[in-house]
Amino acid sequence: MEIAKKITILFAILSAVIIGLLSGFVWYFSNEFAFEDFYKRLETRVNITAQTQLFENANNEAYAELRNQYLERLPSERSFILQADQISAGSNKLKLPQSFYNKIKTGKTARYRQQNQFYAGRYFKNKDHAYAVIVTAKDPFGFRELKDLQKILIIGFFLSLILSFVVGWRFSNYMLSPLRNIIRSVKKIKAENLHIRLDVKQGSDEMSQLAETFNNMLNRLETAFETQNNFISNASHELRTPLTIISGEVELAMKTGQDPEKQQQTLNKIKEETERLEHIITSLLGLAQSGFNGKNQPWEEVRMDELLWDIRSTVNQVYPNCRIEIDFSNLPEDEELLTLKVNKNLIRLAISNVVSNACKYSDQRTVVIRIEHTRKMLSIAVVDQGIGIPENDVQHIFEPFYRASNTNDYKGYGVGLPLTLNIVRMHRGSIAIKSKEGSGTEIKILLPAF
Ligand code: ADP
């Protein structure tokens, strides 16, 4: 069922329950009190009738006069005096329930109503016999008022039910119309037109937030789509190049025959390209692996300062002339803060990539690794004094196979940093970069430390 219908029905049910309860309440108490006054008047007449008819008294005449002068006759007023043996149902001509007589017999004033016919009765005893005096009359006003009230309450109930239905329907449609617009717009978005965005209305209500969230998601989707498209074309290009070279070299060797020197050259070239192919495939594999959520890979507690020493010696094996200084001056006193729960191999690979780049692109000048603990994050900054990254290239260097324009003299494949970024994100961390072409680069890896 649509939400609008649900809201309308709920709204109507709620109104029906509230109005029904209120009407019932009003009806009950009106019913209780509307006739109280009339019963009192009947009871006065019961007493006066008993006084004048049953008791011989000097005041009787005065009572009768008082009654005739001041107590007006009620519509259809009649009074009955029942002998003791008539005080039960069926033993007299009045059609009253037995409970009425029972109450009279207990000495209390009994009341009874049949539609608009009211009865009041009481038990009296003069010196000879016991009697029941019953007075009956019609109440022309109270009963009509109660009937009118009943009609008003029933009509009011149904009118307010219809009103709450209409108001609920309009209200829910009004509230849900932005949601319908969002659904309509989102339905139009396909893989081919991922650039379409939803209209975000001014304001901070949930609907605007929903539209904004959708737009943000579309931004991410579009970027992911583009990255994936670029990645596939770049990867195929990068893999095909060495293969083309290898097959070209093999063809050449087959033509040139047995010349050993040429053969050696060809084999060297083939070896070089095979190594390149292997390097690319290994990196791609790492990239694909780091794209998983890491749940299947081992996570362990690692002292990051110790890991940095380890990385330093590994990088020094490849770049022996590169001076790598580790700056521990800002280390926290609590050594516990240096221990992070990480995937050791992947995080080593990520940091090594950054440190190797620093050595490579600074022609093995001094590289400083600064480790700090700031606001629940462990920051590892790798600072070099190398060629830097041109301003236009900075935003692209995390894209697979992208290499800055000033790296022609340096060997590389453009897969190290995307891999590093994937690994760091897998550890819920982030990477910041600061670089100036010609003077150096600082790449900071931030990892959550708790
Ligand atoms: P590569 O194999 O080309 O080094 P990376 O993915 O590691 O691939 O780096 C991507 C690009 O980022 C590099 O080609 C280079 O242009 C730039 N880069 C990365 N680190 C540095 C650095 N420390 N100094 C200058 N440029 C850098």
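The following refers to the structure shown. (Residues numbered from 1 in each chain as written. Predicted model: local features only at pLDDT ≥ 70, side-chain atom pairs only at ≥ 80, totals over all residues. Heavy atoms only, no water.)

Regarding the packing of helix H1 (residues 3–34) against helix H5 (residues 142–188)
The condition is simple: Axis lines are fitted through C-alpha atoms, for helices just across the contact stretch, and the angle between N-to-C directions can take any value from 0 to 180 degrees. Secondary structure counts use DSSP, requiring at least four H or I residues in a row for a helix and at least two E residues in a row for a strand, with both numbered from the N terminus. Roughly parallel refers to an angle under 35 degrees, roughly antiparallel to one over 145, roughly perpendicular to one between 65 and 115, and oblique to any angle outside these ranges. Two helices that cross are described as forming a left-handed crossing if the nearer one is turned anticlockwise from the farther one by less than a right angle, and a right-handed crossing if clockwise. Under the grouping applied here, Gly and all other residues not named as nonpolar or charged are polar, the nonpolar ones being Ala, Val, Leu, Ile, Met, Phe, Trp, Tyr, Cys and Pro and the charged ones Asp, Glu, Lys and Arg.
At a minimum axis distance of 8 Å, the contact between H1 and H5 shows a crossing angle of 160°. Classified by the angle between their axes, H1 and H5 sit roughly antiparallel to one another. As H1 packs across H5, the resulting crossing turns out to be right-handed. Here the residues of the contact of H1 with H5 are counted per class, giving 19 nonpolar, 12 polar and two charged.

Details of the sheet that holds strand E2 (residues 110–114)
Rules: Note on pairing: two strands pair once DSSP finds at least 2 bridges between them.
Taken in spatial order, the four strands make up an open sheet running E1-E4-E3-E2, and their pairing is antiparallel. Each edge of the open sheet carries a strand with a single partner, namely strand E1 (78–83) and E2. Here the strands of the sheet are splayed against their neighbours by 20° on average, with no regard to which way each runs. When E2 meets strand E3 (residues 117–125), the two strands line up antiparallel, connected through five bridges. Bridged to Arg111 within E3 is Ala120.

Some remarks on unusual backbone geometry
Positive phi values are uncommon outside glycine, yet Gln115 reaches one of about 55°. One can find Gln115 in the loop between E2 and E3.

Things to note about the site of the ligand
Stated formally: Distances are taken per atom, and a residue is near a molecule or strand as soon as one of its heavy atoms is within 4 Å of it. N or O atoms within 3.5 Å of each other form a polar contact, as long as, within protein, one can give a hydrogen and the other can take it, and as long as residues adjacent in sequence are counted only when both atoms are side-chain atoms. In short, Shrake-Rupley with a 1.4 Å probe defines the accessible areas, and a residue's cover is counted only from the protein chains shown. Here a cavity is any set of points on a 1 Å grid over the protein atoms alone where a 1.4 Å probe fits but cannot get out, and a pocket is any open set with protein on both sides within 12 Å along at least 5 of 7 lines; a residue lines the site when it has an atom within 4 Å of a point. Think of it this way: if more than half of a molecule's atoms are within 2 Å of a pocket's grid points, that molecule is in the pocket or cavity.
Looking at the ligand, there are 20 residues lining it, with Asn357, Tyr361, Asp384, Arg403 and Leu417 nearest. A distance of 2.9 Å separates an oxygen atom of the ligand from a polar atom in the backbone of Tyr413. Relative to its free-state accessible area of 530 Å², the ligand is covered by the protein chains to the extent of 97%. If you map the ligand onto the pockets, it falls in the largest pocket. Looking at the shell around the ligand, the elements that each hand over two or more residues are helix H9 (344–360) and helix H11 (416–426). Partitioning the shell around the ligand into residue classes produces 10 nonpolar, seven polar and three charged.

Quick word on the sheet that holds strand E10 (residues 430–436)
Under the convention used in this document: When checking whether two residues touch, look at their non-hydrogen atoms; a contact exists if any pair is within 4.5 Å.
Within the open sheet, the five strands sit side by side as E6-E8-E9-E11-E10. Their pairing is mixed. Each edge of the open sheet is held by one strand with a lone partner, namely strand E6 (324–327) and E10. Within the sheet, the average angular offset between the axes of one strand and its neighbour, ignoring direction, is 15°. Along the sheet face, H9 touches E6, strand E8 (367–374), strand E9 (377–384) and strand E11 (440–448) and points at about 25° away from the line of E9.

Comments concerning the layout of surface pockets
Summary: where empty space remains is shown by rolling a probe the size of a single water molecule over the atoms. How we decide: Grid points are joined across faces, edges and corners, and a volume is the space filled by probe spheres set on the points.
Space inside the largest pocket adds up to approximately 1300 Å³. Lining the largest pocket are 48 residues, and of these His279, Asn353, Asn357, Lys360 and Gly416 lie nearest its centre. Within the residue set of the lining of the largest pocket, elements represented by two or more residues are helix H7 (260–290), helix H8 (304–318), H9, E9, H11 and E11. The leading source of residues in the lining of the largest pocket is H7, at 11 residues. Considered class by class, the residues forming the lining of the largest pocket number 21 nonpolar, 17 polar and 10 charged.

A word on a negative patch on the surface
Note the following rule: Candidate patch residues must exceed 30% relative accessible area and have no salt bridge, after which like charges are joined if within 9 Å and Val, Leu, Ile, Met, Phe, Trp or Tyr side chains if within 5 Å. For this analysis, a salt bridge means a side-chain nitrogen from Lys or Arg found within 4 Å of a carboxyl oxygen belonging to Asp or Glu. In this charge count, Lys and Arg are treated as positive and Asp and Glu as negative; neither His nor the chain ends contribute. Note on charges: their place is set at NZ of Lys, CZ of Arg, CG of Asp or CD of Glu. A simple rule labels every residue: compare its accessible area, found with a 1.4 Å probe on the protein chains alone, to the largest value its type can have, and call it buried under 20%, exposed over 50%, or partly exposed in between.
Together, Glu301, Glu333, Asp334 and Glu336 make up a negatively charged patch on the protein surface. Among the structural elements, Glu301 can be located in strand E5 (residues 300–303). Residue class for Glu301 comes out exposed when judged on its relative accessible area of 62%.

Some details on H8
The condition is simple: A helix's residues, less one, multiplied by 1.5 Å, set its expected span. Working note: the arc is built from the helix axis to C-beta atom directions.
Helix length check: H8, at 15 residues, gives a terminal C-alpha distance of 21 Å against a target of 21 Å (1.5 Å per residue), a fit within 8%. Among all positions of H8, only Met304, Asp305, Leu307, Leu308, Ile311 and Val315 are buried. The buried side chains of H8 occupy one side of the element, clustering within an arc of 145° when seen end-on.

Thoughts on the pattern of salt bridges
Summed over all chains, the structure comprises 15 salt bridges. We note a salt bridge from Arg45 to Glu77, for which the minimum N-O separation is 3.3 Å. Of the two residues, Arg45 sits in helix H2 (residues 36–54) while Glu77 sits in the loop between helix H3 (60–70) and E1, which places them 32 residues apart along the sequence. Here Arg45 and Glu77 have matching classes, each one buried. One salt bridge connects Glu272 with Lys269, and the closest N-O pair in it is separated by 3.9 Å. Taken together, the residues Glu272 and Lys269, both in helix H7 and three residues apart, mark about one turn of the helix. Take Glu272: its relative accessible area is 46%, and that puts it in the partly exposed class. Counted as one network, the salt bridges with shared partners bring together Glu36, Lys40, Glu43 and Arg111.

Worth remembering: the numbers are spatial, not functional.
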